[in-house]
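What follows is each chain in one-letter form.
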Amino acid sequence: MQCSDSIPSAQTGVGSHRERSGEPVRTVVSNLPFEDLKKREQPNRRYEGNAIRTNKYRLWSFIPMNLFEQFHRMANIYFVGLAILNFVPVVNAFQPEVALIPICIILALTAVKDGWEDFRRYQTDQQLNNTPCFIFSRKQMCFVERRWKDVRVGDFVRVLSNEIIPADILLLHTSDPNGVCHMETANLDGETSLKQRKVVPGFSSLVRVLPITKYLERPDKRRTGFGIDSLLLRGCMVRNTDDAAGIVVYAGHETKSMLNNSGPRYKRSKIERKMNTDVLFCVVLLFFMCLIGALGHAIWLETFSSMPSYIVPDSNGNYTPSVLAGFYMFFTMIILLQVMIPVSLYVSIELVKMGQIFFITQDVELYDEELDRRVQCRALNITEDLGQIQYVFSDKTGTLTENKMVFRRCSVMGTEYCHEENAARLAVISGANEEEEVTIYQQTKLPPLFPLEELQDVHTGDKNHANTQVTAASRRRSKVAAEAQSDMAFSSPLETVVVPDRKLILEVDRQMASIQTGPYLDFFLALAICNTVLVSSVTAQRQRVRVNVADLAGAERVGDVLRALTHIFCAANLSNESDGFHSSDVSDAAGQKVISSERKVKSGLSGSEEVCYEAHSPDEAALIHAAKAYGFTMMERTPHYVTVKLPDEALLKFEVLDILTFDSTRRRMSIIVRHPHTKEIIMYTKGADSAIMERLGNVFSGDKIKCVEQWCGWKAVCFSLKVISEQEFRAWSAVRQEALSAIEEKEERLMETANFIESSFTLLGATGIEDRLQESVPETIQALRRAGMQVWVLTGDKPETAINIAYSCKLLEHEDLVFTFSTSRKVLQCQLTNASVPEQTFTGPLMEPSIGLVIDGPTLSMAMSDELVELFVELCKHCRAVLCCRVTPLQKSAVVKLIRQKLRVMTLAVGDGANDVNMIQAADVGIGVSGQEGMQAVMASDFAITRFKHLQRLLLVHGHWCYSRLANMVIYFFYKNVAYVNLLFWYQFFCGFSATAMIDYWLMIFFNLFFTSAPPIMFGIMEKEVSDSTLLSLPELYKRGQHSEGYRRSTFWIAILDAFYQSLVCFFIPYWTYNGSDIGIFAFGTPMNTVSLFTIILHLAIEIKSWTAVHWVIMIGSVLVYFIVTLAYSAICISCNPPSDPYWIMHKQMADPMFYLVCILTTVVALLPR
């Protein structure tokens, strides 16, 4: 059969941000007609495949790429350069091959660590790429099982219920008769609420398939647009839908989930920046020591009237001039004293930070039993910054509060209803909330598809049911309960149970009995339907028979969709096969037929049936449950209808004409419906009080909402109504459809149409919703303040609500002097100038006032302008607390950047939602709270906690420990290396500055790599100079890190001077002891090496404040390893490093009592100042 239709293609927009080739239009052609062609001949060959690769290295490129990355660190280049320099005969100090060993070991250890991390990423990629999926094959005329890596742009893919979507798919079919597919985006953004996706208009009716250009072009040339609401995103999971199918438009690294995965962010800690400066100081110190050696060698040679016999001439018999010999000696001394720069310091720091992170994540006090979550450390290199925070910027909703919205009261037609009985119930729950509140988690997870999973659910179902019956006495909060909570968000009794107000319910009953219409009924209808809540039934169950893989060919409706495509493909004579897809039964390998159907047990909307709500936000959950408490229960929602059960059990089925979704610019949402009785077109709108009040049609309506201004601390949501004529709606709908079909400036045109229709409202009433404070928030803020931190709260709420919360959480005190700025630019400048005057009149700390600042978003924008920013920052420096209200996410990040850059302080930002991501990324340390607003903040953070109260222990305990441990360890590393290398330097004064070493080079290598490496690493991981209980009871101890008292420039130089003193003692006491004897050079160096080890180890032992068994094992073990290795080396190595000969030296020394006397006496004198 010949067809004249063109091959379907999908064009996803002009100037698409995903298009990497720079083409203005992305055209996707179906792969079905080209299934037999080679890959290079496929029409979509220029698009990436679906296989992903997040690992950096390949097997053949690992070594060069890893070395290239490691050589970005200047210390590695320094040591490799010295090793190469040692191959130059005129300047070499040791055997050239041996000089390469230290840097090679360091590079190898780092490469092994990097390789292991990359191999784990490779394993994850392979596991994901080999996940099974179903792709339609034109040859077999059915969906066949393939792997994710086999999916290509242009393939038709089928996804079953509870399966993860393999690529970004344009939805062309769904088992839902309304053309809707439900998708859970928890893997993408952490949100557990379901999102709706709709089939592309025109495909559900199967009339005709035509080219798609981010729109559907009908036979009459009219275009119907589609957008993100028709796109299934990779990594999300299909829920509450038996199956869905569509064409792949983005695959692999071009999908949204992969484009959003920018990888971990690299931050340099404050200590690391200081440490790099101190490394430069060590380089300068090394330069002067080598310069002294070069000058000393030249002067020493000048003292000889004739060259002594032990100075070897060159091949021509000529002696090197003393000046040139001094120049050569400069480089030889660099090679000899290279250990001045701690080569192993960077690797040790990485190991220490890994250990610190392990102990942070294992802290039981930071474990949330209810959610079964530990603290997460997502940044591996800034643990010590937790101990130096000076400014804390916090979100309010979901961070300081529970984000459990509780319905408190409402106002209808100017009459306020206080809901006193409900308030009493909440007071009782609040009193026992932390100990006895029981959350009954409602399971909405669908039965699994395959028999094995179904069998497992039979055994686990009873357990899950038992968990919902947990009593207040037992309070079992298991992992099963936590998982159940993730399936149904905002479902605790605190949020879902509302006790109706008696006066209000009488008023509702009066209108129901008399006129059946009225403002009270409209108010509760608006609460019930003006939302995006999804409805599911508790009693609804899915029953499936055993399904074979071949059964996937029997999906009749999917086959109908693709049958239409096959009619089009035959136009190009690409196939001689039948033009339809067979929907008959398919035999399996054994010849038996399997049934290819899925049956759902349908249940009617009976009054006895209980419904469950899937809310996208806690606000909507609180409002729809409030409506349900008064008998207005939403029973069903489809794309075209919404059904509400009234208090008299009657059902109202509204036809949905359009939905204007909420956005942060309009700050309101509208639903346009046709009333089933009056046939009027009604628009119900809800939004913030300011967003509704400015668009009221009658000016006197403002009197009805005066009480809302007194609802301090509660979130006010206003509801309004507008009746639209048929003519007005038709005219507006035409403009709306044009905006939906627009290719350019689509968002702007949609905004214009929404603003046009959302006007001349009639105010119905308002609701007051309370967001309760989290546990121990006031105590945490007070502790942070005592620790010297300034706490700011940045929120999008109105000032009244934010101020009330600020007083509740002790951010502001009643005796504080509070400045409130919400004015014009000119007045603001005067206020800022006058506000700076009081601090000049108070001189002593006892007379300094406690100042608070409250500022709203528009005023904040003016305050951050170039002419006012300095005054604003100066005022903020003296404020005890700052509260920014009505601020946007961009303003949050701008405030953090301003304070961090202007005041040069360490900042921390903590938030729980997507609107906090910019703020979290702008701060030095970002903390994400894994609450009820998804996981976007956690994914962008450096550390993730579950409760704001955990911030206290994370900063005051672990922050203090990590900072003090790492600061002391870095200082100790500099001390250790300087003290050891100076032994070689002092010896140069007695050997003519000839770069001779009295210690065998192998033992010098072992000294830093093995003998003295483990103790400082253990010290950096496990040291506790103060107990956690003391740190929590005395937050003032945290100020040590804020002022960098653990790692100052003076601390560094004191450690260097201490190292010089100890090296002098460790050199000259053995020198004076053995002076005039016939002892050999290595026999002379062995006591020095041993004494140096004892001094360095005992020096660290003095620094350790808390000893454990691990400390004893590592400290004693290091000394034992030294003697075992040295004895073995002296016994078996006769000439390992010619011309040296360390044979049996250590054995002879240990047989001499003088050796022990020197070791004891020298160690005591060296450590005497400590």
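What counts, and where the lines are drawn
- The residue numbering used here restarts from 1 in each chain and proceeds along that chain's sequence as written.
- Reporting of local features is limited, given that this is a predicted model, to residues whose pLDDT is at least 70; pairs of side-chain atoms are given and counted only at 80 or more, and all residues count toward the totals for whole chains, interfaces and linings.
- Water and hydrogen atoms play no part in the side-chain values, which are based on all heavy atoms of the structure.
- Where helices and strands are cited, they refer to DSSP runs of H or I of at least four residues and of E of at least two residues respectively, numbered from the N terminus.
- Whether a residue is buried, partly exposed or exposed follows from its accessible area with a 1.4 Å probe, protein chains only, as a fraction of its type maximum: under 20%, in between, or over 50%, in that order.
- Note on contacts: a residue pair is in contact if any heavy atoms of the two residues lie within 4.5 Å.
- Per-residue accessibility takes into account occlusion by the displayed protein chains alone, with areas from the Shrake-Rupley method and a 1.4 Å probe.
- We define a salt bridge as a contact between a side-chain nitrogen of Lys or Arg and a carboxyl oxygen of Asp or Glu at a distance within 4 Å.
- We define the nonpolar core as a collection of buried residues of types Ala, Val, Leu, Ile, Met, Phe, Trp, Tyr and Cys that are connected through side-chain atoms lying within 4.5 Å of one another.
- Geometry is summarised by axes, namely lines fitted to C-alpha atoms with helices restricted to the contacting stretch, and by angles between N-to-C directions that run from 0 to 180 degrees.
- An angle counts as roughly parallel when it lies under 35 degrees, as roughly antiparallel when it exceeds 145, as roughly perpendicular when it falls between 65 and 115, and as oblique in every other case.
- Here the aromatic set is Phe, Tyr and Trp, taking the six-membered ring for Trp, and pairing holds for ring centres within 6.5 Å; pairs whose planes are under 30 degrees apart are stacked, those over 60 apart are edge-to-face, and all others are tilted.
- Each pair of strands is called paired provided DSSP finds at least two bridges between the two strands.
- Grid points spaced at 1 Å over the protein atoms alone were grouped into cavities, where a 1.4 Å probe fits but cannot get out, and pockets, open sets with protein on both sides within 12 Å along at least five of seven lines, with lining residues defined by an atom within 4 Å of a point.
- Grid points are joined across faces, edges and corners, and a volume is the space filled by probe spheres set on the points.
- The nonpolar class holds Ala, Val, Leu, Ile, Met, Phe, Trp, Tyr, Cys and Pro. Asp, Glu, Lys and Arg form the charged class, and all remaining residues, Gly among them, are polar.
- Given a helix with a known number of residues, its expected span is that number minus one, times 1.5 Å.
- Crossing handedness is defined as follows: a turn of the near helix away from the far one that is anticlockwise and smaller than a right angle gives a left-handed crossing, while the clockwise case is right-handed.
- Residues qualify for a patch when their relative accessible area is over 30% and they have no salt bridge, like charges being joined within 9 Å and the nonpolar side chains of Val, Leu, Ile, Met, Phe, Trp and Tyr within 5 Å.
- For the charge count, each Lys or Arg is scored as positive and each Asp or Glu as negative, with His and the chain ends excluded.
- To locate a charge, take NZ of a lysine, CZ of an arginine, CG of an aspartate or CD of a glutamate.
- Any pair of nitrogen or oxygen atoms within 3.5 Å is treated as a polar contact; in protein, a donor-acceptor pairing is required on top of that, and neighbouring residues in sequence qualify only through side-chain atoms on both sides.
- Confidence scores labelled pLDDT are given residue by residue by the predictor and lie between 0 and 100.
- Two cysteine sulfurs form what is called a disulfide whenever their separation falls within 2.5 Å.
- Working note: the arc is built from the helix axis to C-beta atom directions.

S.K.: How should the overall build of the chain be read in this particular structure?
M.R.: Scanning the chain from N- to C-terminus turns up 40 helices and 35 strands. Put simply, the chain has 1170 residues, and 54% of those count as buried. Partitioning the intrachain contacts of the chain with sequence separation of at least 6 by distance along the chain shows that 75% fall at a separation of at least 24. As presented, the chain carries roughly 51,100 Å² of accessible surface, and 58% of it is formed by carbon and sulfur atoms.

S.K.: How do you make sense of the pattern of salt bridges when you look at a structure like this?
M.R.: Close approach of charged atoms allows side chains with opposite charge to pair. Tallied over the entire structure, the rule returns 35 salt bridges. One salt bridge connects Arg-880 with Asp-816, and the closest N-O pair in it is separated by 3.2 Å. Of this pair, Arg-880 sits in the loop between α27 (869-877) and β32 (881-885) while Asp-816 is found in the loop between α23 (799-808) and β30 (817-821), placing the two residues 64 residues apart along the sequence. Several salt bridges share partner residues, and in doing so they unite Lys-113, Asp-114, Glu-117 and Glu-350 into one network.

S.K.: Mind showing me how you'd approach the nonpolar core here?
M.R.: In a soluble, globular protein the nonpolar side chains are often hidden away together inside. Judged by nonpolar contacts, the single largest core of 101 residues is most densely connected at Leu-337, Phe-974, Met-998, Tyr-1047 and Phe-1067. The greatest single-element share of this core, amounting to 19 residues, is contributed by helix α31 (residues 950-988). In this structure, Phe-974 is in contact with Met-275, Asp-278, Val-279, Cys-282, Pro-342, Leu-345, Tyr-1047, Phe-1052 and Ile-1056, ignoring residues within four places of it in sequence.

S.K.: Quick question: what am I supposed to make of the packing of helix α33 (residues 1014-1022) against helix α37 (residues 1081-1103) here?
M.R.: A pair of packed helices is captured by two measures, namely the crossing angle of their axes and the spacing between those axes. Remark: α33 packs on α37, axes separated minimally by 10 Å, with the N-to-C direction vectors making an angle of 10°. When the interaxial angle is binned, α33 and α37 end up roughly parallel. For the pair α33 and α37, the contacting residues are Pro-1015, Pro-1016 and Phe-1019 in the first and Ile-1097, Leu-1100 and Glu-1103 in the second.

S.K.: Would you mind showing me how to read the packing of aromatic side chains here?
M.R.: Each aromatic ring pair is characterised by the separation of its centres together with the angle its planes make. On inspection of all chains with the given rule, the structure shows 52 aromatic pairs. Between Phe-1011 and Tyr-1122 the ring centres are 5.2 Å apart and the planes differ by 90°, which places this aromatic pair in the edge-to-face class. Taken together, the residues Phe-1011 in helix α32 (residues 1001-1011) and Tyr-1122 in helix α38 (residues 1109-1132) connect sequence positions 111 residues apart. We note that Phe-1011, like Tyr-1122, is buried. Measuring from ring centre to ring centre gives 6.2 Å for Phe-1067 and Phe-1084, while their planes differ by 85°; the resulting arrangement is edge-to-face. With Phe-1067 in helix α36 (residues 1049-1074) and Phe-1084 in helix α37, the pair connects residues that are 17 residues apart, well separated along the chain. Like Phe-1067, the residue Phe-1084 is buried in the burial classification.

S.K.: Looking at this model, I keep getting lost on the sheet that holds strand β16 (residues 401-412). Mind explaining?
M.R.: One open sheet accounts for nine strands, arranged β17-β16-β28-β27-β26-β25-β24-β23-β22; its pairing is antiparallel. Each end of this open sheet is capped by a strand with a single partner; those strands are β17 (415-417) and β22 (633-637). Mean inter-strand twist for the sheet, computed between neighbouring axes without regard to direction, equals 30°. Pairing of strand β23 (residues 641-645) with strand β24 (residues 651-660), which is carried by five bridges, proceeds in the antiparallel orientation. Bridging from a neighbouring strand, Val-642 pairs with Phe-654 of β24. Strands β24, β25 (668-674), β26 (681-688) and β27 (714-724) of the sheet are contacted by helix α20 (residues 726-741), whose axis makes an angle of about 45° with β24.

S.K.: I would appreciate a short explanation of unusual backbone geometry in the present structure.
M.R.: Negative phi is the rule for most residues except glycine; trans is the rule for most peptide bonds. In this structure, Asn-162 is a non-glycine residue whose phi angle is positive, near 70°. Along the chain, the position of Asn-162 falls in the loop between β5 (156-160) and β6 (168-174). With a phi angle near 50°, Met-413 is a residue other than glycine that sits in the positive phi range. Mapped onto the fold, Met-413 is located in the loop between β16 and β17. Judged by relative accessible area, which is 30%, Met-413 ranks as partly exposed.

S.K.: I keep staring at empty space enclosed by the protein and nothing clicks. Help me out?
M.R.: The probe, sized like a water molecule, is rolled over the atoms to show the empty space still left. By the definition in use, this model includes 14 cavities of 30 Å³ or more. The calculated volume of the largest cavity comes to roughly 180 Å³. As for the largest cavity, its lining consists of 16 residues, of which Pro-102, Val-339, Val-343, Met-1004 and Asn-1008 are closest to the centre. Going through the elements one at a time, α8 (322-336) and α32 are the ones with two or more residues in the lining of the largest cavity. Partitioned by chemical class, the residues of the lining of the largest cavity number twelve nonpolar, four polar and no charged.

S.K.: What is the right way to read helix α9 (residues 345-361) from this model?
M.R.: For the α-helix, the turn length of 3.6 residues means that residues three or four positions removed from each other point alike. Here α9 is 17 residues long and its end C-alpha atoms lie 24 Å apart, about the 24 Å a rise of 1.5 Å per residue gives. The element α9 is extensively covered by neighbouring structure, given that twelve of its 17 residues are classed as buried. Listing the buried residues of α9 in full gives Leu-345, Tyr-346, Val-347, Ser-348, Ile-349, Val-352, Lys-353, Gly-355, Gln-356, Ile-357, Ile-360 and Thr-361. Elements that come into contact with the buried residues of α9 comprise α2 (74-85), α4 (101-129), α7 (270-302), β14 (376-377), α31 and α33.

S.K.: In this structure, what is going on with the packing of α9 against α31? I would like to understand it.
M.R.: Two elements in contact, α9 and α31, have axes separated by 11 Å at closest approach and are oriented at 160°. What the angle tells us is that α9 and α31 run roughly antiparallel. In this structure, α9 crosses over α31, and the sense of that crossing is right-handed. Mapping the contact onto sequence places Leu-345, Ser-348, Ile-349, Val-352, Lys-353, Gln-356, Phe-359 and Ile-360 in α9 and Leu-954, His-958, Cys-962, Arg-965, Leu-966, Met-969, Val-970, Phe-973 and Phe-974 in α31. The residue makeup of the contact of α9 with α31, split by class, is twelve nonpolar, three polar and two charged.

S.K.: Just checking my understanding: could you explain a negative patch on the surface for this structure?
M.R.: There is a patch of like negative charges on the surface, built from Glu-744, Glu-745, Glu-747, Glu-748 and Glu-752. Secondary-structure assignment places Glu-748 in helix α21 (residues 746-757). Residue classification places Glu-748 among the partly exposed positions, given a relative accessible area of 47%.

S.K.: Got a minute to help me understand a nonpolar patch on the surface in this structure?
M.R.: Nonpolar side chains collect at one region of the surface, where Val-284, Phe-287, Phe-288, Leu-291, Leu-295 and Ile-299 lie side by side and expose about 560 Å² of accessible area between them. Mapped onto the elements of the fold, Phe-287 is located in helix α7. In this structure Phe-287 comes out as partly exposed when scored by relative accessible area, which is 42%.

S.K.: How should I be thinking about the side chain of Arg-666 in this particular structure?
M.R.: Relative to the helices and strands, Arg-666 resides in the loop between β24 and β25. Of the polar contacts made by the side chain of Arg-666, one reaches the backbone oxygen of Thr-661; its length is 2.7 Å. Among the polar contacts listed, one links the side chain of Arg-666 to the backbone oxygen of Arg-668, at a separation of 3.1 Å. For Arg-666, the residues in contact, after removing those within four places along its chain, are Leu-660, Thr-661, Ala-691, Met-751, Ala-754, Asn-755 and Glu-758.

S.K.: Please explain the environment of Phe-1010 as it appears in this structure.
M.R.: If you trace the backbone, Phe-1010 turns up in helix α32. Sequence spacing of Phe-1010 and Ser-1118 is 108 residues, and the spatial spacing of their C-alpha atoms is 7.9 Å.

S.K.: Would you mind showing me how to read the confidence of the model for the chain here?
M.R.: For the chain, the average pLDDT comes to 78, and 77% of its residues sit at 70 or higher. Of the regions scoring below 50 in pLDDT, residues 12-24 engages in 28 contacts with residues more than four places distant in sequence or in other chains.

S.K.: What is the right way to look at the state of the cysteines in this model?
M.R.: A covalent bond between the sulfur atoms of two cysteines is referred to as a disulfide. One pass over the full model with this rule turns up zero disulfides. Free cysteine Cys-884: the closest other cysteine sulfur is in Cys-876, separated by 7.3 Å.

S.K.: How do you make sense of the environment of Asp-395 when you look at a structure like this?
M.R.: On the secondary structure map, Asp-395 appears in the loop between β15 (391-394) and β16. Residue class for Asp-395 comes out buried when judged on its relative accessible area of 4%. Expressed as a C-alpha distance, the spacing of Asp-395 and Asp-912, which sit 517 residues apart in the sequence, is 7.5 Å. Excluding its chain neighbours within four sequence positions, the residues that come into contact with Asp-395 are Leu-400, Leu-794, Thr-795, Lys-892, Val-910, Gly-911, Asp-912, Asp-916 and Met-919. At 3.2 Å, the side chain of Asp-395 and the side chain of Lys-892 are in polar contact.

S.K.: Would you mind showing me how to read the sheet that holds strand β7 (residues 180-184) here?
M.R.: Pairing between the strands of a sheet comes from backbone hydrogen bonds, and it takes one of two forms, parallel or antiparallel. Here three strands make up an open sheet; going across it, the order is β8-β7-β12 and the pairing antiparallel. Each edge of the sheet is formed by a strand with only one pairing partner; in this case those strands are β8 (194-198) and β12 (237-239). When strand polarity is set aside, the average angle formed by the axes of neighbouring strands in this sheet is 45°. Here five bridges tie β7 to β8, and the two strands are oriented antiparallel to one another. Bridging across to β8, Met-183 finds its partner in Lys-195.

S.K.: What should I look at first to understand α27 in this one?
M.R.: Among all positions of α27, only Val-869, Phe-872, Val-873, Leu-875 and Cys-876 are buried. One face of α27 carries all of its buried residues, which in axial projection span an arc of 160°.

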